[in-house]
Each structure stands twice: as structure tokens, then as C-alpha cells.
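Listed below, chain by chain, are the residues.
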Amino acid sequence: MSFFLKWSWKKVFFFVILISIICLLAVKLTCSSRPMYILATWLFDSGIYALLFFIYIGIDKLSTILSKIVFIFLYLFHTVTAYLTSYFMDDMFGRGLSFLSIDSGNASFSFTFLFPWHYLIFFIICLVLAVVISYLLSNFIKIHLPKKAVLPLLFLALLLLVGTPIIFVSNVDNFYVNTIYALAETKETITLTDFNCDTNLSFLKQNNYPALIQESKYKKIVVFVMESLVYGEFYKDISKVSEDQNFFGITKGNSNYYFNYYTNNQDSVPSMVTILSSQFIPTEAYTYSEEYSLCGHPMMEEYNLVDHFNDENYYTSFYVSNTAAPCELAKYKWSKINDIKENYDSLTKEFMCFNPYPYDIGCEDIVLLDRLLEDLKKEKVFIMQEFIYGHSNLYIKESGLSKTEYYSKYLAEFYKKIKAEGLDKDLLIAIVSDHGLREKVDYSKTAGYNIPLIFVANDLTYREDNNLLSHLDFKTVLFSYLYGLDYYPEEQLFFVGPTASKTFGFKTAFENGIFEEKDVGEYNILSSTTKDNNYLQEQLVCYQTSKTEFNDK
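About the criteria used
- Residues numbered from 1 in each chain as written.
- Predicted model: local features only at pLDDT ≥ 70, side-chain atom pairs only at ≥ 80, totals over all residues.
- Heavy atoms only, no water.
- Pairing = 2+ DSSP bridges.
- Helix = DSSP H or I, 4+ residues; strand = E, 2+ residues; numbered from the N terminus.
- Axes fitted to C-alpha atoms, helices over the stretch in contact; angles between N-to-C directions.
- Contact = heavy atoms within 4.5 Å.
- Buried < 20%, exposed > 50% of the residue type's maximum accessible area, 1.4 Å probe, protein only.
- Phe/Tyr/Trp six-rings, centres within 6.5 Å; stacked < 30°, edge-to-face > 60°.
- Lys NZ or Arg CZ within 6 Å of the ring centre and 35° of its normal.
- Disulfide = S-S within 2.5 Å.
- Lys, Arg positive; Asp, Glu negative; His and termini not counted.
- Salt bridge = Lys/Arg side-chain N within 4 Å of Asp/Glu carboxyl O.
- Polar contact = N/O pair within 3.5 Å; in protein donor to acceptor, adjacent residues only side chain to side chain.
- pLDDT = per-residue confidence, 0-100.

Draft legend 1. Examining the sheet that holds strand β4 (residues 220–226) more closely. Pairing is mixed in the open sheet, where eight strands are placed in the order β8-β7-β11-β4-β12-β13-β5-β14. Both edges of this open sheet fall to β8 (336–338) and β14 (463–465), since each of them pairs with a single strand only. Taking each pair of neighbouring strands and ignoring which way they run, the sheet shows an average axis angle of 15 degrees. Taken strand by strand, helix α17 (residues 403–420) contacts β4, β11 (381–386) and β12 (427–433), and its axis lies near 175 degrees from that of β12.

Next up, the structure:
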């Protein structure tokens, strides 16, 4: 006896599932460079596909119409989810995102700035072809499924769903698994109670500007902002750089290193704004506004570093090798914004250029080097360059270089040219990362926010600084070089995790803690060095108070 799939719908759906599983593997192979991650996510997604088919067969015995509706809905939902997570696979790896992390703010941002509509069109075409091909195959190929094989195959599908996350625990990162983990996690929680918080404290805002009584020591200032690099990764990779391209080795004798420096946000936009405006942004970058990130926010109109250097008669210039600068950074009163909008097409023939997201069309950072060197010939200039290498893993995959290796190579070339042209006189170089790593294993620990800050100048000697500092202090540390002003370590600093993580943390010289918002007024403790819950509640109240005031501006 055999159980024959005698109805054409069953045969069509069977082939649709089979073709979808094969195509999904092809998509994952083209979108990712992580073999184990490809295998783990493909096995898990295939298990879901198989389970959907068995659900259809089971419901079909009760209602053929309901079974088709349920199958089509679940199939489309899973297919869209599986294919989109595959498209963003390498860039989203380890983020710990789940269906619980979706809200109107980041959903709006994703559809507007991340969603690959050209990919969606291609996906719909493939979907239609899969159905047509499946229909044709169902008319020519007879499928016999022995009745005794139904339960073993169902067991195999369930085994894939349960076993894959267990066997490949560090390589399965998708909405389904992360949602299950989030629902099953039993962490210690804190519920907010009433505490007072002075939101004028220094760890929330440091945009005061002292009265200056002397000229700046350096006439040329360049700030290079690296993309998502923590100290641990920086030191591990710097040894891989060849001696002639190791900028950090070449300039070590003229460098000052700040080892206890932290980002206040784990997204690029608020990190850059904090560097320039010296104000803590107590919210995720893309979740509180219908507009992209901080565009038009009143805090950006307050006095900032760009205004200061304009008033000191510096030529202020912002560089980013995208077709357009982020609107938040473009809002500052730069003398000029340098991007590659006009010559993008010509640059693609010679340099690495990619279009991973609609808002991030650009080329590797070195395309702007000659233009930057021309600006340095001006008498007084303040330059900031936001590196985009590392925004997408496509750059790293194509070049085979880690972020540290690429930046060191770029900076070594920059240094070689300024020395050759005599542009290193009266020059101060600041090298800093915008933020740390945005994988959950990293942003759940304080070390995931610890980033490099290095100053280089001809008249400096090697020095290490272990004072507790953050982006809020960038201005005061910079002014210590320019005007000889004292700066003071932080007693405490706050930081916010990446968008959709719902994570917040604090650090002092002796204590630190990181929390994940579970519900309104309720937080999971991800990590903490103290068991004093009253103290932890005080930090959370300060964060919530500052967040409320910020959003009310």
C-alpha cells in the first residue's frame, strides 16, 4: 500500500517546497561567506519548509480550502523571511534580532532605507517561476509517498528544527530561533521605582565651550572615524599588517593612546553626532522618528565643534565616500561636504564600489584621498572623514582585509604623502572608531563598547592614557592638544546598544551594567558587576529620564 499524492495541489505544493529549498541554498551561497552559517540556517529553514507541507497535509484532511489558505500564507511568510535574512546574512550575523525586536520605528527605517526592492522584484519573479515549474512537473512526474514514511519524515523535519539550533548554536541566527530564545530566557530582571535624576550631569551633556585666550597649537586637524572597531579586534589584527603599511607601528613614537575610551551609541549616526555635539543620545538611532535618524533634531542646532572651528577661521570639510553624506552630518555648517555623487560611475572601474543598501552607495575610502590632501594645503583646516569600509561585509569579502588592515594601509598611504609634501607640520591626527561591534555577544558586554582613540602629531611622544572617557569627552580631549586645557576623566558614562537591541548600559571606574528592555519599566540584566539593585535602578531611571527629555525636545 502507498499513500499517493493524488490531488494536483499536493503535488504542486510538494514541488514548490522542493524548488524553494534548492533555490534558498543557492541564495545563501551567493550572499554569505560563512560556510557553517549557510549550512545551519539552510537546514533549519528547510525543516520549516518540510513542516509546512506536513501541516498542509494534516489540515487538508479536515478542510481543503482552509489547508490551501494556511499553507500559502505560511509559505509566503517563511519564504520572505528566509530570503531576506539570507540577503542580509553576513551583515546581520550575530545581532540576536527577533520578531519581538520589531517596532514601527525600525520597521519604517528598514522598508525605506534597507529593503532591497530590486531583490523583491527578482524574488517575486522566481516565486512565480517556481509555481509554474512545479505545476508542470506535477503533471509529468508521479510521486509515491509510502504511508509508513510520513511519520519518519515528519520526525526528520522536527529533528532539523530542534537539532540544528542545538548542534550549530553559534551559527543559527534568525528571527525564529532568536524569538524562541528571547521567550525562553530567564534572566534576573529589574522593575523601575521612583528615583530622582539630574539630567544636567556631565555624563549626559558636555557641550560647554570655554573662553579661549590663545591660538590653537595646530593649524591642521584631521579626524578619521573608523567603522565599528573595538580595541580587542584592533590589537589582534594590527600584527597582521606588513611593516611598510603599518601606520600605527610607523607613528607609535609620536602617538597618544586612550585605552579606556568608549562609544555612547552602537550606531554610526548618533556616534558621529556625539563626537561633534558632545551630547549623549539616549535612544536607538532609527526607532523614534519617521525621518532617517537624527535629521532636523534641535540638538544638532546647538553649538558644536564645526561651529567652533568656523568661528576660529578654519576651513571645515567633511568627507565620506558615499554618493551622499548622511543627512545628520550634512546638517552641520561645513565649509564643504565631499562625497562621490558626481563621479561614482567612473570610480567603479578602478576601485571597490558597492550598493548594499539604498542609502549606502559608495566606494572604498581611498577614492577621496587626493581631494583630502588638497584641503590640507589650506592654512587652517578641520577635516573629518567617516570611513565606510566595513559598513557592509562586501568590502571585507572582496578585499580579504580586516577593517584594521585596510585602515592601516589607507593611513600609511596618507602619512607617506603628507610627509612627502611637507603637510605634516602643524598637523594633528585623531583616529577614533564610531562604535563597537553590534553582535549580541559583544554589545551585551562592556568590552563591546571599548573603542580606539589615538592622537598623532610630530611633536608628541608615546603616551598611554587609562582615564575613563567617551565620545562626550572627544571635544575636551581635543582641546587639551589645541589649547593646553585640562580634561578630566568621567565618573560615569552611559551607552546605548544598536537599533532593535533595546539595550542600555553604564560604566564607572569600578562598576558597570548592561540591561535589555523586557517591557515598559522592566529590564533584564545582561551583565553587571554589582548586586545592588537599588544602584542599578538609579542608573535606569537616569537613562529613562534623559530619554524622555531628549524625545520631548
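Draft legend 2. Main features of the environment of Ile-167. Here Ile-167 lies in helix α7 (residues 147–167). Overall, Ile-167 belongs to the exposed group, its relative accessible area being 65%. Sequence-wise, Ile-167 and His-308 are 141 residues apart; in three dimensions their C-alpha atoms are separated by 56 Å.

Draft legend 3. How the structure looks around the packing of aromatic side chains. Applying the stated criterion across every chain yields a total of 61 aromatic pairs. A centroid spacing of 3.9 Å and a plane angle of 5 degrees characterise the contact between Tyr-389 and Tyr-406, whose relative ring orientation is stacked. Linking Tyr-389 in the loop between β11 and α16 (393–399) with Tyr-406 in helix α17, this pair joins segments that are 17 residues apart in sequence. Taking the relative accessible area as the measure of exposure, Tyr-389 reaches 0% and is therefore buried. Ring plane angle 80 degrees and centroid distance 6.5 Å describe the contact between Phe-515 and Tyr-523, whose orientation is recorded as edge-to-face. For the pair shown, Phe-515 and Tyr-523 are each scored as buried. Above the face of the Tyr-462 ring, Lys-252 is positioned so that its terminal group lies 5.3 Å from the ring centre.

Draft legend 4. Seen up close, the state of the cysteines. Tallied over the entire structure, the rule returns one disulfide. Disulfide pairing is shown between Cys-353 and Cys-363; the S-S distance is 1.9 Å. Taking the sign of the S-S torsion, 105 degrees for the link of Cys-353 and Cys-363, the bridge is right-handed. Within this pair, whereas Cys-353 is found in strand β9 (residues 353–357), its partner Cys-363 is found in strand β10 (residues 360–363), the two being separated by 10 residues in sequence. Taking the relative accessible area as the measure of exposure, Cys-353 reaches 16% and is therefore buried. The thiol of Cys-23 is unpaired, and the distance to the nearest cysteine sulfur, on Cys-126, comes to 6.4 Å.

Draft legend 5. Main features of the side chain of Lys-403. Here Lys-403 shows up in helix α17. For the buried Lys-403, no salt bridge is present, and the opposite-charge side chain at shortest range is Glu-233, 4.2 Å distant. A distance of 2.7 Å separates the side chain of Lys-403 from the backbone oxygen of Ser-228, its partner in a polar contact. For Lys-403, the contacting residues outside a window of four places in its chain are Glu-227, Ser-228, Leu-229, Glu-233, Tyr-389, Gly-390, Ile-396 and Leu-437.

Draft legend 6. Local environment of the side chain of Glu-405. By secondary structure assignment, the location of Glu-405 is in helix α17. Buried and without a salt bridge, Glu-405 has Lys-240 as its closest oppositely charged side chain, separated by 5.4 Å. A distance of 2.9 Å separates the side chain of Glu-405 from the backbone nitrogen of Ser-402, its partner in a polar contact. Not counting chain neighbours up to four residues away, the residues in contact with Glu-405 comprise Asp-237, Lys-240, Val-241 and Gly-400.

Draft legend 7. Structural detail: the confidence of the model for the protein. Per-residue pLDDT for the protein averages 88, and the proportion of residues at 70 or more is 95%. Long-range and interchain partners of residues 1–6, a stretch whose pLDDT sits below 50, account for 16 contacts in this model, where long-range means more than four residues apart.

Draft legend 8. Focus on the pattern of salt bridges. According to the stated counting rule, one finds 19 salt bridges in the structure shown. A salt bridge links Glu-227 to Arg-438; its shortest N-O distance comes to 3.8 Å. Note that Glu-227 is positioned in the loop between β4 and α9 (231–238) and Arg-438 in the loop between β12 and α18 (440–443), a separation of 211 residues in sequence. Among the salt bridges present, the one from Arg-463 reaches Asp-465, with a minimum N-O distance of 3.5 Å. When its relative accessible area of 5% is taken as the criterion, Asp-465 is described as buried.

Draft legend 9. The pairing of strand β5 (residues 255–258), seen in detail. Of the two faces of β5, the one holding Ser-255 and Tyr-257 and the one holding Asn-256 and Tyr-258 are both buried throughout. Bridge count between β5 and strand β13 (residues 453–456): three bridges; the pairing is antiparallel. For Ser-255, the partnering residue across the bridge sits in β13 and is Val-456. Relative to β14, β5 runs parallel, the two being bridged by three bridges. Among the inter-strand pairings, Tyr-257 is bridged to a residue of β14, identified as Glu-464.

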